[in-house]
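As a plain string of letters, each chain reads:
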Amino acid sequence: MSVETAEVYSNPTEESLDWQPPMPPTDLIFDDGEPLESNRHRVAMNLLIRSLKHYWVERTNFFIGGNMFVYYSSKQARNRDFKGPDFFVALDVPSDPTRLGWVVWEENGRYPDMIVELLSDSTESQDLGEKKQLYERVFKTKDYFVFHPFKVKSLQGWHLDSDNGYQPIEPNPQGWLWCQSLELWVGTWNGMVEDDNAFWLRFYDSDGNLVLLPEEAQKERADSERQARLNAIPQLREMGLSVEQIAQALSLSVEEVEEL
């Protein structure tokens, strides 16, 4: 190093002391106007969002995003290189519903912990190629899953190994994949959702129970309560109550009581 160069480094000018790193862009776009591939893709995304939010209704330390841009670098933002996972979960963060997108430099450097991409014929190669590499190498997202809503056997998943990158998740006998970050199974379920009878991607708890939508949980409670009332009918009959009295006591119809 020359003397002149040494003097420059040892005696910084006032101008150099005032230098600040460039600020990230603030004119971010959060909606590119592009719809999801199909109505089934939309329903599949909302099914994951609504069921997990209901399952974690008492928690406030997570954020779930759906079809939402993730901004992770100034270069990406300037180039309008949009990256929007179909579904993602970030753990141990405030549940702020006002977020328009996930901006990494505004989230203390946090990236999604779990991502699901809903494949389509036009995006499958990107989701299994470029996006998978991005989530593995840049986001370092712990668990990544892909599923094509029109292809039953398309579910795949990978868990991040710190030394070897994404490693395939082995399915259990039901074909479900364990998501370590959420401590839930990810698997398919056949049934009717929004008038569409199909195989849907769903969550299951560690005991194998389906993670329910709010309306499914409400129906399950109602069915359980009704069954408990029906089970009480024989005892009330033994007490000598009439059919009408039993129906009134249990909030059942006369026809329901007579059937038993």
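Parameters and conventions
Residues numbered from 1 in each chain as written. Predicted model: local features only at pLDDT ≥ 70, side-chain atom pairs only at ≥ 80, totals over all residues. Heavy atoms only, no water. Helix = DSSP H or I, 4+ residues; strand = E, 2+ residues; numbered from the N terminus. Buried < 20%, exposed > 50% of the residue type's maximum accessible area, 1.4 Å probe, protein only. Contact = heavy atoms within 4.5 Å. pLDDT = per-residue confidence, 0-100. Pairing = 2+ DSSP bridges. Axes fitted to C-alpha atoms, helices over the stretch in contact; angles between N-to-C directions. Polar contact = N/O pair within 3.5 Å; in protein donor to acceptor, adjacent residues only side chain to side chain. Patch = residues over 30% accessible without salt bridge, like charges linked within 9 Å, V, L, I, M, F, W, Y side chains within 5 Å. Areas by Shrake-Rupley, 256 points an atom, 1.4 Å probe, with all protein chains shown as cover. Salt bridge = Lys/Arg side-chain N within 4 Å of Asp/Glu carboxyl O. Lys, Arg positive; Asp, Glu negative; His and termini not counted. Charge placed at Lys NZ, Arg CZ, Asp CG, Glu CD.

## Looking at the side chain of Lys 131
Within the secondary structure layout, Lys 131 lies in helix α6 (residues 130-139). Classification of Lys 131 as buried rests on a relative accessible area of 10%. The contact partners of Lys 131, leaving out residues within four places of it in the chain, are Gly 84, Glu 117 and Gln 126.

## A look at the confidence of the model for the protein chain
The predicted model of the protein chain averages 84 in pLDDT, with 82% of residues at 70 or higher. This stretch, residues 1-10, has a pLDDT under 50; its non-local contacts, to residues over four places away or in other chains, come to one contact.

## So, the sheet that holds strand β3 (residues 87-91)
Pairing in this open sheet of six strands is mixed, and the strands run β1-β3-β5-β6-β7-β8 from one edge to the other. In this open sheet, the two edge strands, each paired with only one partner strand, are β1 (62-66) and β8 (165-168). When strand polarity is set aside, the average angle formed by the axes of neighbouring strands in this sheet is 20°. As paired elements, β1 and β3 share five bridges and run antiparallel to each other.

## Structural notes on the side chain of Ser 120
With respect to the helices, strands and loops of the structure, Ser 120 is situated in the loop between β5 (114-118) and α5 (124-128). A polar side-chain atom of Ser 120 sits 2.9 Å from a polar atom in the side chain of Thr 123. Contact partners of Ser 120, with chain neighbours within four places excluded, come to Glu 37, His 41 and His 148.

## Remarks on a negative patch on the surface
A contiguous patch of negative charge, built from Glu 244, Glu 255, Glu 258 and Glu 259, is present on the exposed surface. Take the negative patch: its biggest share by element is three residues, from helix α10 (residues 254-259). Take Glu 258: it is sitting in helix α10.

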